[in-house]
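The primary structure of each chain is shown beneath.
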Protein chains: 2
Amino acid sequence: MEIPPVVIDRLPLYTRALSSLQTEGRDVVSSQELGTRLGVTPAQIRKDLSYFGRFGKQGRGYNVQKLLDELHRILGLDRQWRMALVGVGKLGRAILGYEGFSPQGFRIVEAFDASPDRIGQRINSLIVKDTRDLENVLSKAPVDVGIVAVPAEFAQDVIDTLVKCGVRGILNYAPIAAHVPDGVHLKRIEPVLALQSMTYYLKSSPRPTITAARG
Amino acid sequence: MEIPPVVIDRLPLYTRALSSLQTEGRDVVSSQELGTRLGVTPAQIRKDLSYFGRFGKQGRGYNVQKLLDELHRILGLDRQWRMALVGVGKLGRAILGYEGFSPQGFRIVEAFDASPDRIGQRINSLIVKDTRDLENVLSKAPVDVGIVAVPAEFAQDVIDTLVKCGVRGILNYAPIAAHVPDGVHLKRIEPVLALQSMTYYLKSSPRPTITAARG
DNA sequence: AAGGGTTTGTGCTCACAATTACAAACTTCG
DNA sequence: CGAAGTTTGTAATTGTGAGCACAAACCCTT
């Protein structure tokens, strides 16, 4: 059976809400409550989960711990994921410094750049290596995911190289519509695109004058 | 007529491809070529554009400049957009330093934080102001978009405040499912969510051993 | 143990988006 | 100018995902 990608995209949201509930010490949660928290209809949650099995109990709901474990297993979050960063300019450095990856099992284990004055530098306990050595390095110590943070004009080349190295997951921060072969999964992170579609809705109604700072 | 949000989300992609074509000196482009570049079917492009008017010419295609202008107008990209950043920790600083916003007409004009040792600091020619003064500051100089880069536990509060200040577009970097009233547009930027859904596809087929670095 | 109250899992329906397909309009070339 | 070749815009079709609604299963109280 083929599971719709939109469903897969929602599962991480569920895991996050479940983690919160777990921290709060909750044992059980209903699709109703989960839905309210996430802004999703309860039916959608139940349907999404039903693609993978029957995890709930009628009259009671879902066991938080059990469902969390199941989702981790389903998504493959029950292991560590090795990542390589390409491009350690401003953006790349920020990504290296980002503390949100490792708690979720994602580790940046290599950093590459093409600029001579960056190669050899140490950033966050990683030595920046030459992009031209990408194939060599990754053949000895493969990674699961490549993070692309190079200027737009080099991005497709870098992606091609990563693919050639067997990397099958790519997180692309460069503002291009990259092409990858079947079987390689690419996600783009582009704040600007998000803004540019948001303005469509903002432009119509004018910026309101603040009535007062009351309260 | 109500235009599907997915259509709106694709328009910025089109503008970007058209900008490239313009730089390359191209006068005219067909939906065919545009589609190949973007990985979208030509029919989809034509249909998307048809929601807004008839911009092409049979037997010829679209005038690059004209279509670009139209899309800019449609999306509201023919003006400047003022943004306020809340949270100048590691992530916030990276956002402030990001150079991809201003070329597209998005300017961060205010920065806020709640931490006393950050308030008053100057970062990139902006003085960090106290989050508690948010309402005051924005009532005098309103912004169009709020960027939220505070820890998860404070994010909803910050978003509520922004909404109260009349901000109707929010870019949320915090890992929470935020709630906003109707009429307020929220987009989340979350690399981790992207990774967590990608792993679903990566986990099945094993990490291939690199055959060789041939080529 | 029995009944009232919950909540799941899922068949069904509906809505909507993607694709197909084609007439109409334009270009180009002989 | 006419015919062959492009390409658009859209009507019609197909495909797909979201929501509804309900039977079945479970909990809890008395």
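Because the structure is predicted, anything quoted here is derived from the model rather than measured. (Residues numbered from 1 in each chain as written. Chains lettered and ligands numbered in written order. Predicted model: local features only at pLDDT ≥ 70, side-chain atom pairs only at ≥ 80, totals over all residues. Heavy atoms only, no water.)

A. Local environment of the pairing of strand β7 (residues 126-130) of chain A. All names here are of chain A. Strand direction decides the pairing type here: strand β5 (residues 106-113) and β7, joined by three bridges, are parallel. Bridging across to β7, D113 finds its partner in D130. One ladder, built from two bridges, connects strand β6 (residues 122-123) with β7; its direction is antiparallel. Bridge assignment links R122 to a residue of β7, and that residue is I127. (Pairing = 2+ DSSP bridges. Helix = DSSP H or I, 4+ residues; strand = E, 2+ residues; numbered from the N terminus.)

B. The protein's contact with DNA strand D, seen in detail. Taken together, the neighbourhood of DNA strand D is formed by 24 residues, with K47 of chain A together with S31, R46, G59 and Y62 of chain B sitting nearest. Within 4 Å of the protein, the contacting atoms of DNA strand D are 66% sugar and phosphate, with bases supplying the remainder. One of the side-chain nitrogen or oxygen atoms of T41 of chain A is found 3.0 Å away from a phosphate oxygen of DNA strand D. Here a phosphate oxygen of DNA strand D sits 2.6 Å away from a polar atom, N or O, in the side chain of S31 of chain B. For the surface near DNA strand D, the secondary structure elements donating two or more residues are α3 (42-50) of chain A together with α3 (42-50), β2 (56-57) and β3 (61-63) of chain B. Ranked by the residues each element gives to the surface near DNA strand D, the list is headed by α3 of chain A, at four residues. Looking at the surface near DNA strand D residue by residue, the class counts come to four nonpolar, eleven polar and nine charged. (Near = heavy atom within 4 Å. Polar contact = N/O pair within 3.5 Å; in protein donor to acceptor, adjacent residues only side chain to side chain. Nonpolar A, V, L, I, M, F, W, Y, C, P; charged D, E, K, R; others polar.)

C. Fine view of the pairing of strand β5 (residues 106-113) of chain B. Residues and elements named next belong to chain B. With respect to burial, β5 is a largely interior element, seven of its eight residues being buried. Both strand β4 (residues 81-86) and β5 contribute to a ladder of six bridges, which runs parallel. Residue pairing in the sheet places R82 in a bridge with R107 of β5. A crossover connection joins β4 to the parallel β5 through helix α5 (residues 90-97); in handedness this β-α-β unit is right-handed. (Buried < 20%, exposed > 50% of the residue type's maximum accessible area, 1.4 Å probe, protein only. Right-handed = clockwise from strand over helix to strand, strands pointing away.)

D. Molecular detail of the relation of the copies chain B and chain A. Note on the copies: chain B fits chain A at an RMSD of 0.1 Å, the axial shift is 0.0 Å, and the rotation between them is 180°. In symmetry terms, the pair is related by a two-fold rotation axis. Using C-alpha coordinates, one finds that chain B approaches the rotation axis most closely at A94 of chain B, a distance of 2.9 Å. Mapped onto chain A, 97% of the interface residues of chain B again fall at the interface, so both copies present the same surface. (Least-squares fit on C-alpha atoms with pLDDT ≥ 70 in both. Contact = heavy atoms within 4.5 Å.)

E. Region of interest: the interface of chain B and chain A. Between chain B and chain A, the contact holds 75 residues from the first and 74 residues from the second. Summed over the shared surface of chain B and chain A, the number is four salt bridges. A salt bridge links E190 of chain B to R16 of chain A, with the nearest nitrogen and oxygen atoms 2.3 Å apart. Where chain B touches chain A, the interface holds 23 residue pairs in polar contact (both at pLDDT 80 or more). For the side of chain B that touches chain A, the leading source of residues is helix α8 (residues 191-204) of chain B, giving 13 residues. (Salt bridge = Lys/Arg side-chain N within 4 Å of Asp/Glu carboxyl O.)

F. Here's a closer look at helix α1 (residues 5-23) of chain B. All names here are of chain B. In a regular helix each residue adds 1.5 Å, so 19 residues correspond to 27 Å; α1 covers 29 Å between its end C-alpha atoms and thus fits that length. For α1, the complete set of buried residues consists of V7, I8, R10, L11, P12, L13, Y14, T15, R16, A17, L18 and L21. G25 occupies a position one or two residues after α1 and carries a positive phi of about 85°. (Expected span 1.5 Å × (residues − 1).)

G. Up close: the confidence of the model for chain A. Within chain A, residue pLDDT values average 95, and 95% of them lie at 70 or more. Here residues 209-215 of chain A is a poorly scored stretch, pLDDT under 50, and it has seven contacts once near neighbours within four places are set aside; other chains count. (pLDDT = per-residue confidence, 0-100.)

H. Examining the environment of G183 of chain A more closely. All names here are of chain A. Here G183 lies in the loop between β9 (169-172) and β10 (185-188). On the basis of relative accessible area, G183 is assigned to the partly exposed category, the value being 41%. Sequence spacing of G183 and G169 is 14 residues, and the spatial spacing of their C-alpha atoms is 9.0 Å.

I. Looking closely at the sheet that holds strand β2 (residues 56-57) of chain A. Residue and element names in this part refer to chain A. Strands sit in the order β1-β3-β2 across an open sheet of three strands; the sheet is antiparallel. Sheet topology places β1 (28-29) and β2 at the edges, where each strand pairs with a single neighbour. Strand direction decides the pairing type here: β2 and strand β3 (residues 61-63), joined by two bridges, are antiparallel. Within β3, the position partnered with K57 by the bridge is G61. Across the sheet, helix α4 (residues 64-75) touches β1 and β3, and the angle it forms with β3 is around 75°. (Axes fitted to C-alpha atoms, helices over the stretch in contact; angles between N-to-C directions.)

J. Representation of the protein's contact with DNA strand C within the structure. In the vicinity of DNA strand C, 24 residues are found, and the nearest of them are S31, R46, G59 and Y62 of chain A together with A43 of chain B. Here, DNA strand C places atoms within 4 Å of the protein, and 62% of those atoms are sugar or phosphate. Residue G56 of chain A places a main-chain N or O atom 2.9 Å away from a phosphate oxygen belonging to DNA strand C. In the environment of DNA strand C, a phosphate oxygen lies 2.6 Å from a nitrogen or oxygen atom belonging to the side chain of Y62 of chain A. When contributions to the surface near DNA strand C are tallied by element, the ones reaching two or more residues are α3, β2 and β3 of chain A together with α1 and α3 of chain B. For the surface near DNA strand C, the element with the most residues is α3 of chain B, which contributes four residues. Of the residues that constitute the surface near DNA strand C, the class distribution is five nonpolar, eleven polar and eight charged.

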